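# Remarks on the overall topology
As a plain string of letters, each chain reads:
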Amino acid sequence: MTSVVIVDDHQLFRSGVRAELDGLVEVLGDAPTVEDAVRLVLEAEPDVVLLDVQMPGGGGVEVIRQVTERRPAQRFLALSVSDAPEDVIAVIRAGARGYVTKTISPPELADAVDRVADGDAVFSPRLAGFVLDAFAGGLPERAVDPQLDQLTAREREVLRHIARGYLYKEIAQRLSISTKTVEAHVSAVLRKLQLSNRHELSRWAVERRLID
Amino acid sequence: MAPMSASAAMPLRRDSEHGLVLGVAAGIARRLRIDPVIVRVAFAATTVAGGAGLVLYLLAWALMPAEGSAKAPLERIVARRDTWLVVAGMACLAVAALLLLRKWGLWFSDQFVLPVLLVTAGGALIWRQSKAPPEDAPPAPRAPSARALRLPPDAAGRAAVGAALVVGGGLVFLWLNDALQPARDVLLAVVVVVVALTLILAPWWLRLVRGLTEERAERIRSQERAEVAAHLHDSVLQTLALMQRRVDDPREVAALARRQERELRAWLNGRRALDDADTVASCLEAAAAEVEEAHGVAIDVVAVGDAPLDKRGEALVAATREALVNAAKFAGDASIALYAEVAPERVEVFVRDRGPGFEPERVPADRRGVRESIVGRMERHGGRALVHSAPGEGTEIELVMRR
């Protein structure tokens, strides 16, 4: 069974998730603060850290930063009530391998945890929408690194299906490819999201908040 | 009141439309709200009497931006790389012109013209501060209070140079006219008094300013707090109270919680209320919210891109609402996904539910829901609607509208 540590500053939510995931994954412990979380994760070495985005003392991004310094292979899945683009993009760029909202159902959450433990990426429909938004629009020709700054037609198609509410295996069926290939596309998008210098990513996140 | 404040805020600009030569006189006249003829006569008189008018006119032309352009000719030159060469050249030209005028005898006297030139240059620099602040200044939404009153650094520098020129010009005038000796005695007394007063009053004044700043910050904070409290009271507390009274109806409680969540999110994101929205994405969100409330279902809305709402967009939103209602009727408890993508040439909307699904061919032709209000409406506005469904696989309605 996949082992997890839950990091969230809300006691009620930690115990809720613990109860929900009971029997689906192995919960090694939970932590309410950044320091506690870093200590616990380094000690318990879980497969996946379930991480709240907004916490006092730097939030999930800070936990990722401090843990990754000493345990670079640690995998994180962001779990948050926030659907603000800047929060989501920040935690993904810090190194989280996926992002789901707190309204997700327990079996889906357990599934997402397993997926992240396997090294795959987990995109919620909303995150897929953010990514499509962030990578939309052109860049000046010479500023583009096609390896990082653009999505391929296939990746775009996969993301659109995720945004439309399709599961990986349904997407595979519709596009006549294997589920593994779908996962590979999503992982490629995750990598671009984390490494792209496309300054649009940050600018877009800020603008989106300002204009609305 | 209104016209007065409008003209007071009007920046000094050359009015090429009403001007005779370069629009300088007309611009000044408009700013001062007097007849341009008066300004022109003044220029002409001083030109004939000593030549100063011509110089002033050229100086004003260089420093005043034209109507509709943000930059004065001089500023445009200064923005260039070889600025100092140009400045030196212009200074040489100006000196040459002055010497020429002097040679011709079109001159009051050195004692008068030189100081006036200095004072004019300084005055022009200071007056240019009255223009609007630069628009590309970084927004500072968190601390708007303290910064708003201060000039930007380059403007402050210009003001200082201008003030120095004006004061210097005045001193030169006094000195050239041998009026400096008595003036110096008076000045000494004034300086002593000012220094003494500064020493006495400075601490008190500083305290006052600091106190005012703090008080204003405190006032803003408490206003914000009151606003947040009022909002939470009107929305979250009300909903919580309602939910406690409806504990026996889980569906209703879930719907209440969802509505409150949506509203709180919109408020946190600083969005306008959903009902006066006028873009495709916000209208789709509003439609989804309505269907959620009316049918007690959960709808996840993901929108990529956005555009102002036009006639076609309205039809698209109406068709989407119908598709959502359909999905809500058949989807059961599973959530409905609404995905909208606004591209430059078209808008696509997908409404997906995980209900039992059906065979589209076997829907009787008299069922108006899908056929009329979705397919028909889309086609009338130059779009199309497709229904993908199979028993056991849920339903997805695809709406495409070209823009």
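So, here is what we can say about the structure in this document. Since this is a predicted model, take the numbers as computed values, not measurements.

About the criteria used
Residues numbered from 1 in each chain as written. Chains lettered and ligands numbered in written order. Predicted model: local features only at pLDDT ≥ 70, side-chain atom pairs only at ≥ 80, totals over all residues. Heavy atoms only, no water. Phe/Tyr/Trp six-rings, centres within 6.5 Å; stacked < 30°, edge-to-face > 60°. Helix = DSSP H or I, 4+ residues; strand = E, 2+ residues; numbered from the N terminus. Lys NZ or Arg CZ within 6 Å of the ring centre and 35° of its normal. Contact = heavy atoms within 4.5 Å. Buried area = accessible area lost by both parts, 1.4 Å probe. Salt bridge = Lys/Arg side-chain N within 4 Å of Asp/Glu carboxyl O. Polar contact = N/O pair within 3.5 Å; in protein donor to acceptor, adjacent residues only side chain to side chain. Nonpolar A, V, L, I, M, F, W, Y, C, P; charged D, E, K, R; others polar. Buried < 20%, exposed > 50% of the residue type's maximum accessible area, 1.4 Å probe, protein only. Pairing = 2+ DSSP bridges. Axes fitted to C-alpha atoms, helices over the stretch in contact; angles between N-to-C directions. Core = buried A, V, L, I, M, F, W, Y, C linked by side-chain atoms within 4.5 Å.

Moving on, we come to the packing of aromatic side chains. Under the criterion given, the structure shown has two aromatic pairs over all chains. Judged by centre distance (5.1 Å) and plane angle (80 degrees), the rings of F43(B) and Y57(B) are edge-to-face. One end of the pair, F43(B), is in helix α3 (residues 36–50); the other, Y57(B), is in helix α4 (residues 52–63), with 14 residues separating them in the sequence. Judged by centre distance (6.2 Å) and plane angle (25 degrees), the ring pair of Y339(B) and F350(B) falls under stacked. Of the two residues, Y339(B) sits in strand β2 (residues 336–342) while F350(B) sits in strand β3 (residues 346–353), which places them 11 residues apart along the sequence. K102(A) extends its terminal NZ or CZ atom over the ring of F13(A), reaching a point 3.9 Å from the ring centre. The ring of F350(B) has R164(A) lying over it, and the distance from NZ or CZ to the ring centre is 3.6 Å.

The subject of this paragraph is the interface of chain B and chain A. Often, the extent of an interface is quoted as the loss of accessible area upon association of its parts. Of the residues lining the interface, 18 residues belong to chain B; the matching set on chain A comes to 19 residues. Taken over both partners, the interface formed by chain B and chain A buries close to 1,700 Å², and the fraction arising from carbon and sulfur atoms is 42%. Looking only at chain B, the three residues that lose the most surface to chain A are R265(B), N269(B) and Y339(B), adding up to 26% of its buried area. Between R160(A) and E348(B) there is a salt bridge, with the nearest N and O atoms lying 2.7 Å from each other. The tally of links from chain B across to chain A stands at nine residue pairs in polar contact (both at pLDDT 80 or more). Every element with two or more residues in the side of chain B that touches chain A is listed here: α11 (250–268), β1 (299–304), β2 and β3 of chain B. Looking at the side of chain B that touches chain A residue by residue, the class counts come to eight nonpolar, three polar and seven charged.

On to the pattern of salt bridges. Residues and elements named next belong to chain A. Taken as a whole and judged by the stated rule, the model has 30 salt bridges over all chains. The shortest N-O distance in the salt bridge between R160 and E157 comes to 3.9 Å. One end of the pair is R160 and the other is E157, both in helix α8 (residues 153–163) and three residues apart, which spans about a single turn. By relative accessible area, E157 is classed as partly exposed at 25%.

Before going further, it helps to examine the sheet that holds strand β3 (residues 48–51) of chain A. Residues and elements named next belong to chain A. With respect to topology, six strands assemble into an open sheet ordered β2-β1-β3-β4-β5-β6, the strand pairing being parallel. In this open sheet, the two strands that pair with only one neighbour each are β2 (26–31) and β6 (122–123). Bridge count for strand β5 (residues 98–101) against β6 is two bridges, and the pairing is parallel. Considered in β6, the bridge of Y99 is made with F123. The sheet contacts of helix α5 (residues 106–117) involve β1 (3–7), β3, β4 (75–80), β5 and β6, and relative to β4 the element is tilted by about 155 degrees.

As a further point, take the side chain of T395(B). Residue and element names in this part refer to chain B. Mapped onto the elements, T395 comes out in strand β5 (residues 395–402). The buried category is assigned to T395, whose relative accessible area is 8%. Beyond its immediate sequence surroundings of up to four residues, T395 is in contact with V351, R352, D353, G357, F358, V387, H388 and S389.

Looking now at the nonpolar core. Soluble globular proteins: nonpolar side chains tend toward being buried together. Counting residues in each nonpolar core, the largest one holds 51 residues, and the members touching the most others are V63(A), F76(A), F123(A), V131(A), L159(A), I162(A) and V186(A). Ranked by residue count, the leading element in this core is helix α6 (residues 125–135) of chain A, at seven residues. By size, the runner-up hydrophobic cluster in this structure holds 34 residues, among which are I299(B), L324(B), A340(B) and M401(B).

From the geometry alone we can't say anything about function, so treat these as descriptive.
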